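Architecture at a glance
Below are the chains, spelled out letter by letter.
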Amino acid sequence: MAELVSFTVPTESDKTLLVWELSSGPTAEALHHSLFAVFSQFGLLYSVRVFPNAAVARPGFYAIIKFYSARDAHRAQKACDQKQLFQNSPVKVRLGTKHKAVQHQALALNSSQCQELANYYFGFNGWSKRIIKLQDLSDLEERANEDTVPPLQKQSLKFFCALEVVLPSYECRSPGAGMAEETLDDLEEGPLSFLMKRRTTQKLAIQKAVSDAFQKLLIVILGKTYLIVLTVHQFQRANKLILKS
């Protein structure tokens, strides 16, 4: 059966593992490292969070682990439940509890998370981004020299970026747009500080555009190695055709 992986924060219960009966010996940081090392063998992880047990329970920790893929989460649960893993006693691993009445709004992954997910499924050389337009929309007065500090009463930097994410192997191009704005400090002095903020605002606009481009893509996993990439529009259109047939 096919599985859809989107460039959004995973909230589904079948992508979430609960791990408990973790030893009280190691620190939470050490447990985080050990859990990540074990569970990342089954697939790309969105997050690993470690918490101390409630005061009424015996000393120790429990963890919540989120995968991008439900298949990976199921494989990890079956392989790790009632196993010692990295400690002397076995741990319990269960899939998250379903909450049918609760519907979570899909939250977009940030740029670095999108790129991590793309690298995992497509490879580092399997995709690229092409900047189409990077426009300065700042409300600063025209300056003859770019290195000149703007008047302090003009305190806003704003950039717009339009780009496309390209996946050559799938003959797929996805456009994205992003806007970033940075307020300048009234007390800020010197051209170096201004140029650093200008560069930061440009970078943020590009990052937002990258995230926006990836939101329009869906990864369709068929079997262990076969992938299809669809735009959200293509997926919705295909769904309508299937329902009509």
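Sequence order as written defines the numbering, with residues in each chain counted from 1. Only residues with pLDDT of at least 70 are given local features in this predicted model, and only at 80 or more are side-chain atom pairs given and counted; all residues enter the totals for whole chains, interfaces and linings. The basis for every side-chain value is the complete set of heavy atoms in the structure, and neither hydrogens nor water enter the calculation.

Named according to an unreviewed UniProt entry, the protein is RAD52 motif-containing protein 1 originating from Panthera pardus.

Below, the discussion takes up the overall build of the protein. Runs of E in the DSSP output that reach at least two residues are strands. Runs of H or I that reach at least four are helices, and both are numbered from the N terminus. Within the protein one finds five helices and ten strands. Think of it in three bands: with a 1.4 Å probe and only protein chains considered, a residue is buried below 20% of the maximum accessible area for its type, exposed above 50%, and partly exposed in between. In the protein, which comprises 245 residues, the proportion classed as buried is 38%. Taking as baseline every contact in the protein between residues at least 6 positions apart, the subset at least 24 positions apart corresponds to 66%. What sets the accessible areas is the Shrake-Rupley method with a 1.4 Å probe; for residues, cover comes only from the shown protein chains. Roughly 15000 Å² of accessible area belongs to the protein as shown, and the carbon and sulfur atoms make up 54% of that amount. Here, residues are in contact when the closest pair of their heavy atoms is within 4.5 Å.

Attention shifts here to the nonpolar core. Phe 7, Leu 117, Tyr 121, Phe 122, Leu 167, Phe 214 and Ile 219 are the most contacted members of the largest nonpolar core, which has 30 residues in total. For this core, the secondary structure elements donating two or more residues are α3 (111-122), β7 (156-167), β8 (172-183), α4 (191-215), β9 (217-222) and β10 (226-231). Looking at this core, the element that brings in the most residues is α4, giving six residues. Those residues in contact with Leu 167 that lie beyond four places of it in its chain are Phe 122, Gly 126, Trp 127, Cys 172, Leu 217 and Val 229. The criterion is simple. A nonpolar core is a set of buried Ala, Val, Leu, Ile, Met, Phe, Trp, Tyr and Cys residues joined through side-chain atoms within 4.5 Å. Ranked by size, the runner-up nonpolar core spans 20 residues in total, among them Phe 39, Phe 42, Val 50 and Ile 65.

What follows is about the packing of aromatic side chains. Each aromatic ring pair is specified by the distance between its two centres and by the angle formed by the two planes. Stacked, tilted and edge-to-face are the three classes assigned to paired rings of Phe, Tyr and Trp, where Trp is represented by its six-membered ring and a pair needs centres within 6.5 Å; plane angles under 30 degrees give stacked, over 60 edge-to-face, the rest tilted. In this structure the tally under the stated criterion is six aromatic pairs. Geometrically, the ring pair formed by Phe 51 and Tyr 62 is stacked, given 5.3 Å between the ring centres and 25° between the ring planes. Of the two residues, Phe 51 is situated in strand β3 (residues 45-52) and Tyr 62 in strand β4 (residues 61-67); the sequence distance between them amounts to eleven residues. Classification of Tyr 62 by relative accessible area gives partly exposed; the value is 31%. Note on Tyr 120 and Tyr 121: the rings are 5.0 Å apart at their centroids and 85° apart in plane angle, and the pair reads as edge-to-face.

Phi at Gln 82 takes a positive value of approximately 65°, unusual for a residue other than glycine. Inspection of the secondary structure puts Gln 82 in the loop between α2 (70-80) and β5 (92-95). The exposure class assigned to Gln 82 is partly exposed, which follows from its relative accessible area of 44%.

Here three strands make up an open sheet; going across it, the order is β6-β7-β8 and the pairing antiparallel. What marks the edges here is a single partner per strand, and that holds for β6 (128-136) and β8. Across the sheet, the mean angle from the axis of one strand to that of its neighbour is 20°, orientation sign disregarded. Bridge count between β7 and β8: twelve bridges; the pairing is antiparallel. Counted as the bridge partner of Lys 158 is Glu 181 from β8. Along the sheet face, α4 touches β6, β7 and β8 and points at about 145° away from the line of β8. For two strands to be treated as a pair, DSSP must find no fewer than two bridges joining them. Here an axis means a line fitted to C-alpha atoms, over the contact stretch when the element is a helix, while the angle between two N-to-C directions is reported on a 0 to 180 degree scale.

Quick look at the sheet that holds β4 now. Here four strands make up an open sheet; going across it, the order is β3-β4-β2-β5 and the pairing antiparallel. Since the sheet does not close on itself, it has two edges, and those belong to β3 and β5, each with one partner. Each adjacent strand pair in this sheet contributes to an overall mean axis angle of 20°, direction not counted. When β3 meets β4, the two strands line up antiparallel, connected through seven bridges. The residue of β4 that forms the bridge with Val 48 is Ile 65. Sitting on the sheet, α2 is in contact with β2 (16-22), β4 and β5, with an inclination near 155° to β5.

The next point concerns helix α1 (residues 28-39). In this analysis, the expected span of each helix is defined as 1.5 Å times one less than the number of residues it contains. With twelve residues, α1 should reach 16 Å at 1.5 Å per residue; the first-to-last C-alpha distance of 16 Å fits that figure. For α1, the set of buried residues is Leu 31, Leu 35, Val 38 and Phe 39. The buried residues of α1 occupy one face: seen down the axis, they fall within an arc of 80°. Along α1, the residues that are exposed and aim more than 90 degrees away from the buried face are Glu 29 and His 33. Packed against the buried residues of α1 are β2, β3, β4, α2 and β5. Think of the arc as the fan of directions from the helix axis to the C-beta atoms.

Here α3 crosses α4 at 50°, and the two axes come no closer than 8 Å. As judged from the angle between their axes, α3 and α4 are oblique. Where α3 crosses over α4, the two elements pack in a sense that is left-handed. Contacts between α3 and α4 involve Ser 111, Cys 114, Gln 115 and Ala 118 on the former and, on the latter, Gln 207, Val 210, Ser 211, Phe 214 and Gln 215. Think of it as three bins: nonpolar holds Ala, Val, Leu, Ile, Met, Phe, Trp, Tyr, Cys and Pro, charged holds Asp, Glu, Lys and Arg, and polar takes everything else, Gly as well. Partitioning the contact of α3 with α4 into residue classes produces four nonpolar, five polar and no charged. For classification purposes, angles smaller than 35 degrees are called roughly parallel, those larger than 145 roughly antiparallel, those between 65 and 115 roughly perpendicular, and all remaining angles oblique. For a crossing to be left-handed, the near helix must be turned anticlockwise from the far one by less than a right angle; the clockwise case is right-handed.

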